[in-house]
Amino acid sequence: MAHINMTQTENTNPSATTGQLSEGRKLLLRMKTTKSNRFNCAKRLEKKAWNQSLVLNFLSFLTVISGIYLLAFASDLTISGAQFVGVFSIGVSVVSILLSQQDPVREISRRAADAHRCGREVSHIYRQFKGGELETTAASDEYEKIISKYDDNHDRCDYMSTLYDYKEEMKEEKEERGATWWNGTAASHLSTLSPVFYAILGVSMIVAVCLSTPTINRYFHDIDREIAEDQADDETEQASVLSPTQVDIAGD
């Protein structure tokens, strides 16, 4: 099979080309999309791993500081204050453990490295095919081999970012998929910040529980007091009913 003139392939409308040129252009576009998706995925996961590592370090710092504070000032704290610090320390530790087990930093970093490696390999085949060093069949086979080597795939936001970045070259697909800045770039940024959001939510829930504990205790104390008062009233009523009977018995 003769080599394809890729310059002609890229600059020609696919609808007006032969089947061979159309397949070559489709393969080029698929390679370009894939390598861009994988590079976007790698950058997103690298940022996510960095943010998660930072969050876990901060949570560990909070746990250590609150533990030291509890030990150093235990004699000066009230019972409620000591309970607050103790529950806060344990709660932050639980949030840190859950966050680290849900998506370990090492695993995120590995996925980022794989995505970057896959993007580089696809990019290498892309340049060879575009320069005419590979035939369409050989380039397609090499492309499939590279893709099949990696189990992880990119996320939807990575693909939308690619369509949004190449809005002119992939205009039809961008419009068909509805790619925008919000579901592409913005969604990617939110994904990188997800560990921060989870940590803030977890710590906020812990603080809310600690602060609401006195109110909850007062509520149940009031209920217990009302129950005790009702029981005392019932006992008094029973005693008043039984008293005349006992007097009559004594008189007889």
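Criteria and thresholds
- Residues take numbers from 1 onward in each chain, read along the sequence in its written order.
- Since the coordinates come from a predicted model, pLDDT governs what is reported: local features require at least 70, and pairs of side-chain atoms require 80 or more to be given and counted, while whole-chain, interface and lining totals use all residues.
- The side-chain quantities take in all heavy atoms of the structure and omit both hydrogens and water.
- All axes here are fitted lines through C-alpha atoms, helices being fitted over the stretch that makes contact, and every angle between N-to-C directions spans 0 to 180 degrees.
- Only DSSP runs of H or I with at least four residues qualify as helices, and only runs of E with at least two residues qualify as strands; both kinds are numbered from the N terminus onward.
- Relative orientations are named as follows: roughly parallel for angles under 35 degrees, roughly antiparallel for angles over 145 degrees, roughly perpendicular for angles from 65 to 115 degrees, and oblique for any other angle.
- By convention, the crossing between two helices is left-handed when the near helix turns anticlockwise from the far helix through less than a right angle, and right-handed when the turn is clockwise.
- Throughout, a contact is declared for two residues whenever any of their heavy atoms are within 4.5 Å.
- All residues other than Ala, Val, Leu, Ile, Met, Phe, Trp, Tyr, Cys, Pro, Asp, Glu, Lys and Arg, Gly among them, are scored as polar; the first ten of these are nonpolar and the last four charged.
- Each helix should span, by expectation, one fewer than its residue count multiplied by 1.5 Å.
- Burial classes follow relative accessibility: with a 1.4 Å probe on protein chains only, a residue under 20% of its type's maximum area counts as buried, one over 50% as exposed, and anything between as partly exposed.
- In this description, the arc belongs to the directions extending from the helix axis to the C-beta atoms.
- Salt bridges are defined by distance alone: a side-chain nitrogen of Lys or Arg within 4 Å of a carboxyl oxygen of Asp or Glu.
- Take the buried residues of types Ala, Val, Leu, Ile, Met, Phe, Trp, Tyr and Cys, join any two whose side-chain atoms come within 4.5 Å, and each joined set is a nonpolar core.

A.B. asks: When you look at the packing of helix α6 (residues 156-165) against helix α8 (residues 182-192) in this model, what are you seeing that I'm missing?
C.D. replies: Two measures define how a pair of helices packs: the angle their axes make with one another and the distance between the axes. Where α6 meets α8, the closest approach of the two axes is 7 Å, and the angle between their N-to-C directions is 130°. Taken together, α6 and α8 sit at an angle that is classed as oblique. For the element pair α6 and α8, the recorded crossing hand is left-handed. When α6 is examined against α8, the residues Arg156, Cys157, Met160, Ser161 and Tyr164 are found in contact with a partner set consisting of Asn183, Gly184, Thr185, Ala187 and Ser188. Looking at the contact of α6 with α8 residue by residue, the classes come out as four nonpolar, five polar and one charged.

A.B. asks: What's the story with helix α5 (residues 136-149) in this structure? I'm lost.
C.D. replies: At 3.6 residues per turn, the α-helix brings residues three or four places apart onto the same side. Along its 14 residues, α5 runs 20 Å from first to last C-alpha, staying within 8% of the 20 Å computed at 1.5 Å per residue. Listed in full, the buried residues belonging to α5 are Thr136, Ala139, Tyr143 and Ile146. Relative to the axis of α5, the buried residues are bounded by an arc of 95° and lie together on one face. Seen from the open side of α5, the exposed residues pointing more than 90 degrees away from its buried face are Lys145, Ser148 and Lys149.

A.B. asks: How should I be thinking about the pattern of salt bridges in this particular structure?
C.D. replies: It is possible for side chains of opposite charge to pair when their charged atoms get near one another. A complete count under the given rule lists nine salt bridges for this structure. Here Asp152 ties to Arg110 by a salt bridge, and the two come within 3.3 Å at their closest N and O atoms. With Asp152 in the loop between α5 and α6 and Arg110 in helix α4 (residues 105-130), this pair connects stretches of sequence that are 42 residues apart. As a salt-bridge pair, Glu121 and Lys149 come within 3.0 Å of each other at their nearest N and O atoms. Separated by 28 residues along the polypeptide, Glu121 in helix α4 and Lys149 in helix α5 bring together distant segments of the chain. What emerges from the salt-bridge pattern is a single network uniting Glu107, Arg110, Arg111, Asp114, Arg117 and Asp152.

A.B. asks: Explain the nonpolar core here, please?
C.D. replies: Side chains of nonpolar character tend, in soluble globular proteins, to be buried together. Ranked by size, the top nonpolar core spans 13 residues in total, and within it Met31, Val122, Phe129, Ala139 and Ile146 carry the most contacts. Looking at this core, the elements that each hand over two or more residues are α2 (19-72), α4 and α5. Considering each element in turn, this core owes the most residues, five residues, to α4. Ignoring sequence-local partners within four residues, the contact set of Met31 consists of Val122, Ile125, Tyr126, Phe129, Ala139 and Tyr143.

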